[in-house]
2 protein chains.
Amino acid sequence: MTSRERPNEDGLIARFFAPLAGEGAFGLKDDVACVSPKPGHDLLLTTDALVETVHFLPEDLPASIARKALGVNVSDLAAKGADPAGFLLSLALPETWTEEWLAAFAAGLGEAARDFACPLLGGDTVKARGALTLCVTAIGEVPTGRMVRRTTAQVGDVICVTGTIGDAALGLKLRKAPAWAESLSPGERAHLADRYLHPQPRHHLARALRTHAHAAMDVSDGLAGDLAKMVRVNGVSAVVEADTVPLSPGVQKAIKVDPGLYDLAVTGGDDYEILCTVPEKKLDSFMKEADSVGVMLSAIGRIVQGHEIPVFRMRGSERRYDAGSFSHF
Amino acid sequence: MTSRERPNEDGLIARFFAPLAGEGAFGLKDDVACVSPKPGHDLLLTTDALVETVHFLPEDLPASIARKALGVNVSDLAAKGADPAGFLLSLALPETWTEEWLAAFAAGLGEAARDFACPLLGGDTVKARGALTLCVTAIGEVPTGRMVRRTTAQVGDVICVTGTIGDAALGLKLRKAPAWAESLSPGERAHLADRYLHPQPRHHLARALRTHAHAAMDVSDGLAGDLAKMVRVNGVSAVVEADTVPLSPGVQKAIKVDPGLYDLAVTGGDDYEILCTVPEKKLDSFMKEADSVGVMLSAIGRIVQGHEIPVFRMRGSERRYDAGSFSHF
């Protein structure tokens, strides 16, 4: 099929994206979406761009790319205690796009939007000059004044993190078939690979976060680096008990074979877990609520006075991850 | 200066973008902005991406690129009767970016944000794989239920357009020094060139639009094509009196030299004027209000029954611009 036979922008929107449109999107027949928060709620807005080869790989399936683009934005909202309300998508498509690719992308996007309860509200489609580039702006809702900030951690708070850390970073490494991969079962390898491809935003934790956490952010650029960012903006420091950082069975096995992979696990990107600080007296209640919504939660350290970058305490040693943080920029 | 010496993403945000942050942006220290509409208001959201060589040219000044990226989004809001409330910016920067470029870009962005009363609320900065690519999501405010839709034109409505049409399309052509350019004064040439570089969103017309217009959209892909889009989604047709389409002195002169340029003027992109339909009985009041906020407004035709693409009536002939509409996609 030549590019002349492909639908123009309006045809493309009507065919692939209008079926995904939520309330306030006017069937994507207008340029603008209308959103009103429920009474007593604020709207939260976040935007993240994804570029092929930087944030995903050319061989990734279009449905996976779509899910990731939405998931990383919903993850930002979740970390602020917000429930997803919808999203806008800008898609810069290289000349080589095909209808087949776009149909699979839209199907994956629609499925992710349903899973995250976050409907499509609008967007834009343009020609890329270079690699496929996506920009999602996600909108969330939070009771007025209850957004969980990054800058409100307090000395003495317990540091918690959801899920497991390092899966995505090792999942990406797996593609190069490293020696340590042989010690993992097929299921463990599949789990790690999937965690890179398909972030699991922890939006079910939003309500528990806003009633328990002092401060929160999502872990996208590596646990160590993101914790360092958090303590810096709070003018505090942190102590992490290295062996309490939650690791999946596959990552644990990999580290046994190659101990240096611990550093990769805590500095690698793409976890999309939630890092938060909680006053000790609320910790039990927070753990229980997390459990009740099916989100694994681990206490990994404390916010302490000081201005140093966080220390990870190991048996017999300690480590600070200086500029080791992964960054997409 | 090598790329190693340039600030990282956090440093870049703190230095160039945090000074532009508006209320609800938390000094860009968080990933997420908090926005609440005034009581009795809806929020409107729109997003437009701009790609180097598609929407602006490599030789354009960084301040101009910034102003255009924000301006085209504010133009979308204005056409819906919304007052700007803020914006998010995703910036995919090629490896070759310099601090000097970014400083000029941020300065231009800040100036445009002040001019449009539309502060920066958040964003993302990533590596581009290819050309500079920007994505702006703009947020506007409109009294509840008063968004001016595209799909609510009525047969008998007068079609109006702001400003002048075709300036930007001819301004872009000017760069290739066509023969007709010689008949224009330096001031006229500068005006056309500026209109391509610096859209003038008609946000001052927002209030008058929502009290007078049945339907509206902004003209970004050419008057003829955008009017065709509007009548199509309304299941109607339109008659335009070709010689009432407002043309600047430079465009008038150019058309005298080369009559074919009329077609370019009404099909070329980048006008960023407002196209709207108004019931006849409100036309006088609408014209007066537009005048009082300094926005030029012209009545150019009528919404009529039918399903044909709009007709432009000339002296002794008529013209329909079929697929002649300019499209960035």
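Quick notes on the rules
- Residues numbered from 1 in each chain as written.
- Chains lettered and ligands numbered in written order.
- Predicted model: local features only at pLDDT ≥ 70, side-chain atom pairs only at ≥ 80, totals over all residues.
- Heavy atoms only, no water.
- Domains from an automatic or database assignment.
- Contact = heavy atoms within 4.5 Å.
- Buried area = accessible area lost by both parts, 1.4 Å probe.
- Pairing = 2+ DSSP bridges.
- Helix = DSSP H or I, 4+ residues; strand = E, 2+ residues; numbered from the N terminus.
- Axes fitted to C-alpha atoms, helices over the stretch in contact; angles between N-to-C directions.
- Least-squares fit on C-alpha atoms with pLDDT ≥ 70 in both.
- Phe/Tyr/Trp six-rings, centres within 6.5 Å; stacked < 30°, edge-to-face > 60°.
- Buried < 20%, exposed > 50% of the residue type's maximum accessible area, 1.4 Å probe, protein only.
- Lys NZ or Arg CZ within 6 Å of the ring centre and 35° of its normal.
- Salt bridge = Lys/Arg side-chain N within 4 Å of Asp/Glu carboxyl O.
- Polar contact = N/O pair within 3.5 Å; in protein donor to acceptor, adjacent residues only side chain to side chain.
- Nonpolar A, V, L, I, M, F, W, Y, C, P; charged D, E, K, R; others polar.

Asks: Give a description of the domain arrangement of chain A that names residues and reports values.
Replies: When the parts of a complex come together, some accessible area is lost, and that lost area is often taken as the interface size. All names here are of chain A. When its domains are assigned, chain A resolves into domain 1 (3–143) and domain 2 (158–319). For domain 1 and domain 2, the distance between their C-alpha centroids amounts to 27 Å. Contacts between the two partners involve 24 residues from domain 1, matched on the other side by 18 residues from domain 2. For the domain 1 and domain 2 pair, buried surface summed over both sides reaches about 1700 Å², with 58% attributable to carbon and sulfur atoms. Contact with domain 2 buries surface across domain 1, with Lys-68, Ser-75 and Ala-79 losing the most and accounting together for 27% of the total.

Asks: Can you tell me about the sheet that holds strand 2 (residues 41–51) of chain B, naming the residues and giving the values?
Replies: The sheet built from five strands is open, its strands ordered 1(A)-2(B)-5(B)-3(B)-4(B) with mixed pairing. At either end of the open sheet lies a strand with only one pairing partner, and these are strand 1 (33–35) of chain A together with strand 4 (120–127) of chain B. Strand-to-strand twist across the sheet, computed as the mean angle between neighbouring axes with direction ignored, equals 20°. Two strands pair when backbone bridges link them, and strand 2 of chain B and strand 5 (residues 133–143) of chain B are joined in this way by eleven bridges, in the antiparallel orientation. Note on strand 5 of chain B: the bridge partner recorded for Leu43(B) is Glu141(B). Packed on one face of the sheet, helix 1 (residues 9–17) of chain B meets strand 3 (83–93) and strand 4 of chain B and runs near 140° to strand 4 of chain B. Strands in contact with helix 2 (residues 62–79) of chain B are strand 2, strand 3 and strand 5 of chain B; relative to strand 2 of chain B, the strand with the most contacts, it is inclined by about 140°.

Asks: Account for the relation of the copies chain A and chain B, with residues named and values stated.
Replies: Between chain A and chain B, which share one sequence, the superposing operator has a rotation angle of 180° and an axial displacement of 0.0 Å; the RMSD is 0.0 Å. This pairing of chains is accounted for by a two-fold axis. Within chain A, Gly130(A) has its C-alpha nearest the rotation axis, a separation of 2.0 Å. The fraction of interface residues of chain A whose copies in chain B are also interface residues reaches 98%, indicating that both copies meet through the same surface.

Asks: How would you explain the packing of aromatic side chains if you had to name every residue and give the values?
Replies: In this structure the tally under the stated criterion is four aromatic pairs over all chains. Ring centres 5.1 Å apart and planes at 15° place the aromatic pair Trp101(B) and Phe105(B) in the stacked group. Here Trp101(B) pairs with Phe105(B), and both are found in helix 3 (residues 99–115), just four residues apart, close to one helical turn. When its relative accessible area of 0% is taken as the criterion, Phe105(B) is described as buried. Relative to Tyr321(B), the ring of Phe312(B) lies with its centre 5.1 Å away and its plane at 90°, an arrangement referred to as edge-to-face. For the residue pair Phe312(B) and Tyr321(B), the accessibility class agrees, reading buried in each case. Above the face of the Tyr196(A) ring, Lys68(A) is positioned so that its terminal group lies 3.6 Å from the ring centre.

Asks: Describe the interface of chain A and chain B, with residues and values.
Replies: Taken residue by residue, the interface counts 57 residues in chain A and 56 residues in chain B. Carbon and sulfur atoms make up 60% of the area that chain A and chain B hide from each other, which totals about 4900 Å². The tally of links between chain A and chain B comes to eight salt bridges. Linking Asp31(A) and Arg150(B) is a salt bridge whose minimum nitrogen-to-oxygen distance equals 2.9 Å. Run the count over chain A and chain B and you get 21 residue pairs in polar contact (both at pLDDT 80 or more). When the residues that make up the side of chain A that touches chain B are grouped by side-chain class, the tally is 25 nonpolar, 14 polar and 18 charged. For strand 2 (residues 41–51) of chain A and strand 1 (residues 33–35) of chain B, the ladder comprises three bridges, and the chain directions are antiparallel. Residue pairing across strands places Leu45(A) opposite Ala33(B), the latter belonging to strand 1 of chain B.

Asks: Break down the sheet that holds strand 9 (residues 273–278) of chain B for me, citing the residues and quoting the values.
Replies: Within a beta sheet, neighbouring strands are joined by backbone hydrogen bonds and run either parallel or antiparallel to one another. Residues and elements named next belong to chain B. Strand order in the open sheet made by the seven strands is 7-9-6-10-8-11-12, with mixed pairing throughout. Of all strands in the sheet, those with a lone pairing partner are strand 7 (215–219) and strand 12 (317–319), marking the two edges. When strand polarity is set aside, the average angle formed by the axes of neighbouring strands in this sheet is 25°. In terms of strand pairing, strand 7 meets strand 9 through five bridges, oriented antiparallel. Paired with Ala-215 across the two strands is Thr-277, which belongs to strand 9. Strand contacts of helix 10 (residues 283–292): strand 6 (158–162), strand 9 and strand 10 (297–304), with the helix running at about 150° to strand 10, the strand carrying the most contacts.

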